[in-house]
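# Observations on chain architecture
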Amino acid sequence: GAVVSQHPSRVICKSGTSVKIECRSLDFQATTMFWYRQFPKQSLMLMATSNEGSKATYEQGVEKDKFLINHASLTLSTLTVTSAHPEDSSFYICSARGQTDEKLFFGSGTQLSVL
Amino acid sequence: TQLLEQSPQFLSIQEGENLTVYCNSSSVFSSLQWYRQEPGEGPVLLVTVVTGGEVKKLKRLTFQFGDARKDSSLHITAAQPGDTGLYLCAGAQRGSQGNLIFGKGTKLSVKP
């Protein structure tokens with residue numbers, strides 16, 4: 001089946017620094033990628049939709065200047081958490097969708113801890 | 001706001017018991033997917049149902065899509081400790097760029 005690689009799986013950073021998370025589709029071209037945030041024992045909350053070659057569409061309440069998304073190719077999208085603060089600590093997950101399939105394939109997630 | 005109500009939110013049962021998880025909405029979905037997620041990992045797709053009234057079986061798991069494609073259920077027979085995890089339903093709507101609307105999840109704990 002389709003595979004989505006996300007890394008790093010875990011990152012610890014100091015407050016004020018920026019962290020980049022990568023999401024790669026390994027065996028298919030992902031025209032659309034999604035970024036989610038998940039709090040402990042809760043469901044996934046969509047942050048933004050990323051389309052290759054265009055600006056990401058952010059959900060209401062998500063700061064686009066804080067969570068920078070780049071989808072430069074059909075196999076790679078990145079999420080950069082800028083000037084991270086402790087309240088940004090969370091589990092971030094990406095997913096990717098091919099050109100014709102409604103199925104989404106998820107990365108393994110990134111646990112971000114901001115000290 | 002499109003909602004997918006999932007219940008129960010928490011479920012703790014003994015090994016060997018049966019259980020059912022429900023997802024309900026007032027919206028029609030072109031397909032509905034069920035995922036299982038382990039702590040610290042991404043969701044893993046279990047099944048996709050597309051046709052109203054469809055029933056799919058995956059070993060001890062039975063998935064059903066409502067006739068009107070607004071609701072779905074997951075039934076687990078003779079639950080085992082290995083079934084423990086977070087179960088998520090997610091609905092897809094046409095023209096939504098493929099984004100899924102997620103239920104809040106059901107945290108299942110199966111005790112030996």
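Definitions and cut-offs
- Counting from 1, residues in each chain are numbered in the order their sequence is written.
- The order in which chains are written sets their letters, starting at A; the order in which ligands are written sets their numbers, starting at 1.
- Restriction of local features to residues with pLDDT of at least 70 applies here, the model being predicted, together with a cutoff of 80 or more for giving and counting side-chain atom pairs; totals for whole chains, interfaces and linings are based on all residues.
- Where side-chain values are given, they derive from all heavy atoms of the structure, hydrogens and water being excluded.
- Here a helix means four or more residues in a row that DSSP labels H or I, a strand means two or more in a row labelled E, and each is numbered from the N terminus.
- Using a 1.4 Å probe on the protein chains alone, a residue whose accessible area is under 20% of its type maximum counts as buried, one over 50% counts as exposed, and one in between counts as partly exposed.
- Side-chain atoms within 4.5 Å link the members of a nonpolar core, which is a set of buried Ala, Val, Leu, Ile, Met, Phe, Trp, Tyr and Cys residues.
- We call two residues contacting when some pair of their heavy atoms lies within 4.5 Å.
- Any two strands with at least two DSSP-identified bridges between them are counted as paired.
- All axes here are fitted lines through C-alpha atoms, helices being fitted over the stretch that makes contact, and every angle between N-to-C directions spans 0 to 180 degrees.

### Some thoughts on the environment of P39 of chain B
All names here are of chain B. Residue placement: P39 occurs in the loop between strand 4 (31–37) and strand 5 (44–49). For P39, a relative accessible area of 70% corresponds to the exposed category. Sequence separation of P39 and L86 is 47 residues, and the distance between their C-alpha atoms is 8.1 Å.

### Comments concerning the nonpolar core
Of all hydrophobic cores here, the largest spans 24 residues; its most connected members are W35, F67, L79, Y92 and L112 of chain A. Mapped by element, the contributors of at least two residues to this core are strand 2 (10–13), strand 3 (19–25), strand 4 (32–38), strand 5 (44–51), strand 7 (67–73), strand 8 (76–81), strand 9 (90–97) and strand 11 (110–114) of chain A. Among all residues touching Y92 of chain A, those that are not within four sequence positions of it are Q6, I21, Y36, R37, M47, F67, L79, G109, T110 and L112 of chain A. Membership of the second largest hydrophobic core comes to 21 residues, among which are C23, F29, L61 and F65 of chain B.

### As for the sheet that holds strand 1 (residues 4–7) of chain A
Residue and element names in this part refer to chain A. Spatial ordering of the open sheet is given by 1-3-8-7, a layout of four strands whose pairing is antiparallel. Of all the strands in the sheet, the pair left with one neighbour each is strand 1 and strand 7. For this sheet, the mean inter-axis angle between neighbouring strands, taken without regard to orientation, is 15°. Sheet topology places strand 7 next to strand 8; five bridges connect them, and they run antiparallel. If you follow N70 over to strand 8, its bridge partner there is T78.

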